[in-house]
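A look at the structure
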Amino acid sequence: MEINNWQGSWWFPEIPENKFAGNLIFSPNESIYLEITEMNKNLKDIFSENRQHKFIHGFDYSGKKITLYNAVLINRKSGFAHISICKYRISI
């Protein structure tokens, strides 16, 4: 089976004005993941302090609305120019 990948714009319900780009990745026989490249300083605290989010809302590139449930931060890397890459595992 094939890996599916949806690029989109995402946000946390508590701060809907702060959107961020990310890729939703689904592979059969594995978990669903959301990978986020975060550069927004307003989001830095949320990504570093909150390891679990009940909901993450978003739209894929075609405009389809997506709501993710029980997202748990499993990996966060910080790099050059304060760019962080965060990876969330999504419960089904």
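Going by the structure above, here's the rest.
To keep things clear, this report deals only with the structure shown in the data block.

Rules and cut-offs
- Residues numbered from 1 in each chain as written.
- Predicted model: local features only at pLDDT ≥ 70, side-chain atom pairs only at ≥ 80, totals over all residues.
- Heavy atoms only, no water.
- Buried < 20%, exposed > 50% of the residue type's maximum accessible area, 1.4 Å probe, protein only.
- Helix = DSSP H or I, 4+ residues; strand = E, 2+ residues; numbered from the N terminus.
- Pairing = 2+ DSSP bridges.

Details of the pairing of strand β3 (residues 32–38)
- Burial within β3 is extensive, with 5 of its 7 residues counted as buried.
- Taking the residues that link successive antiparallel strands as the turn, the strand β2 (residues 20–26)-β3 hairpin has 5 residues, and the phi of Asn-29 there is positive, at about 70°.
- When β3 meets strand β6 (residues 84–90), the two strands line up antiparallel, connected through 7 bridges. Each residue of the ladder has a partner; that of Ile-36, found in β6, is Cys-86.

Description of the pairing of β6
- Judged by which residues are buried, β6 turns out to be one-sided: Ser-84, Cys-86, Tyr-88 and Ile-90 face inward and are buried, whereas Ile-85, Lys-87 and Arg-89, on the alternate face, are not.
- Inspection of the sheet shows strand β5 (residues 65–78) paired to β6 by 7 bridges, in the antiparallel sense. Within β6, the residue paired with Ala-71 across the bridge is Ile-90.

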